[in-house]
Amino acid sequence: MKVTILGCGGSAGVPMIGGAEGAATGIWGVCDPANQRNYRLRSSIVIEYEGFRLLVDSGPDLRQQMLHNGLTHIDAVFYTHAHSDHIAGLDELRAVNRVIGRPIQLLASQVVLSELRQRFSYAFRPWEGGNFYCPAFDVQEVPDYGPFSLGPLTGHIFPQKHGWTRSLGLRVGDFAYCTDVESFPPESLTVLQNLSMWVVGCFQRKAHPSHGWVGRVLEWREQLRPRHTVLTHMGPDMDYESLCRLLPEDVRPAWDGMVLSP
């Protein structure tokens, strides 16, 4: 299995447009602009197995991410939740429809599907063949918790607390992806046992009400004992080299274009 980090930034990316309002740190925060690994598009990954590609989230940078990573197509897309930095690139999937010549399999919870249909109603009309004037999908509603099977991929979906709302995590084999999470219900922690590779959201160094932070992620690491932990969904407080010096050797920050082999 191959996992490509398409983007590992928070909702504003790094650098941010204009920087945080009133902040002296500016558009880069504390991140060193001379280090390319501090340049972060919005968070997304592609899981590849036996020629099958599953995209997890399609943020507003999707076109750029596909081009940067030489990806011409994906077979399916899974949505973790309906925040804009994870769904705003949905319309870019029309180009993928044209490449593969068919609707794309789309997996999401009932809550997320409702939001997608409201915001992108034109993309959920039945495809009647011919040209793709808008995206077309083969929609599959998934539960918040339970096993899934998609092409050659099998795994488990599980709920995560994301501040006042929820997101979904995904486990495939010994790999798990958990972005936009600040705590886990007990059943989800069970799914996260015995991982070889864990990619987990870690927005900043100090505590945050809706995202993981360095201290909390290290607590999860002690509890779950994954072999390798990779941080994603990082904000302008998370300078790459500083994190490498701070973190244990088995915990590393992601970078855009990073390739993992769980």
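Everything below is about the structure printed above this text.
This one's a predicted model, so the numbers in the text were calculated from it and none came from an experiment. (Residues numbered from 1 in each chain as written. Predicted model: local features only at pLDDT ≥ 70, side-chain atom pairs only at ≥ 80, totals over all residues. Heavy atoms only, no water.)

S.K.: Could you clarify how one ought to interpret the pairing of strand β10 (residues 175-178) in this entry?
M.R.: Consecutive residues of a regular strand have side chains that alternate between opposite faces of the sheet. Residues Phe175 and Tyr177 of β10 are buried on one face, and the alternating residues Ala176 and Cys178, pointing to the opposite face, are buried as well. Across three bridges, strand β9 (residues 165-172) lies against β10 in antiparallel orientation. The partner of Val172 across the bridge, within β10, is Phe175. The hairpin formed by β9 and β10 contains two residues between the paired strands, and Gly173 there has a positive phi angle of roughly 60 degrees. Bridging between β10 and strand β11 (residues 197-201) involves four bridges; their strand directions are parallel. (Buried < 20%, exposed > 50% of the residue type's maximum accessible area, 1.4 Å probe, protein only. Helix = DSSP H or I, 4+ residues; strand = E, 2+ residues; numbered from the N terminus. Pairing = 2+ DSSP bridges.)

S.K.: Quick question: what am I supposed to make of the sheet that holds strand β5 (residues 104-108) here?
M.R.: Within a sheet, adjacent strands bond to each other through the backbone by hydrogen bonds, running parallel or antiparallel. Read across the sheet, seven strands follow the order β6-β5-β4-β3-β2-β1-β14 without closing on themselves; strand pairing throughout is mixed. Taken across any chain shown, the strands that pair with only one partner, and hence form the sheet edges, are β6 (137-141) and β14 (259-260). As defined by bridge partners, strand β1 (residues 2-7) adjoins β14 across two bridges and the pair is classed as antiparallel. Its bridge partner being in β14, Thr4 is matched across the sheet by Val259. Along the sheet, helix α3 (residues 93-100) contacts β3 (52-56), β4 (76-78), β5 and β6; its crossing angle with β5, the most-contacted strand, is approximately 140 degrees. Taken strand by strand, helix α4 (residues 110-119) contacts β5 and β6, and its axis lies near 125 degrees from that of β5. (Contact = heavy atoms within 4.5 Å. Axes fitted to C-alpha atoms, helices over the stretch in contact; angles between N-to-C directions.)

S.K.: Even after reading the chapter, I still don't get the packing of aromatic side chains, so can you show me in this structure?
M.R.: For any pair of aromatic rings, the description consists of the separation of the ring centres together with the inter-plane angle of the planes. The tally for this structure, following the rule as stated, stands at seven aromatic pairs. Geometrically, the ring pair formed by Phe184 and Trp198 is tilted, given 6.3 Å between the ring centres and 45 degrees between the ring planes. Residue Phe184 is located in the loop between β10 and α5 (186-191), and its partner Trp198 is located in strand β11; the two are separated by 14 residues in the primary sequence. Among the residues examined, Phe184 registers a relative accessible area of 12% and is labelled buried. (Phe/Tyr/Trp six-rings, centres within 6.5 Å; stacked < 30°, edge-to-face > 60°.)

S.K.: Looking at this model, I keep getting lost on the nonpolar core. Mind explaining?
M.R.: In terms of nonpolar packing, the biggest core is built from 49 residues, with Ile47, Leu54 and Trp198 touching the most fellow members. The next biggest cluster of nonpolar side chains, apart from the first, holds 25 residues, and it includes Met66, Ile104, Ala108 and Leu116. (Core = buried A, V, L, I, M, F, W, Y, C linked by side-chain atoms within 4.5 Å.)

S.K.: Help me understand the pattern of salt bridges in this model?
M.R.: Oppositely charged side chains can pair when the atoms bearing their charge come close. One pass over the full model with this rule turns up ten salt bridges. Between Asp61 and Arg42 there is a salt bridge, with the nearest N and O atoms lying 2.7 Å from each other. Taken together, the residues Asp61 in the loop between β3 and α1 (62-68) and Arg42 in the loop between β1 and β2 (44-49) connect sequence positions 19 residues apart. With respect to class, Asp61 is no different from Arg42; both count as buried. Three or more residues are tied together by salt bridges with common partners; here these are Arg221, Glu222, Arg225 and Asp250. (Salt bridge = Lys/Arg side-chain N within 4 Å of Asp/Glu carboxyl O.)

S.K.: What should I look at first to understand the sheet that holds strand β12 (residues 228-232) in this one?
M.R.: Ordered in space as β7-β8-β9-β10-β11-β12-β13, the seven strands form an open sheet in which the pairing is mixed. Two strands bound the open sheet, and with one partner strand each, they are β7 (146-150) and β13 (251-253). Put simply, the sheet's adjacent strands are angled 25 degrees from each other on average, direction ignored. Each of β11, β12 and β13 touches helix α6 (residues 214-224); the most contacted strand, β11, lies at about 155 degrees to it.

This is a description of form; function is not addressed.
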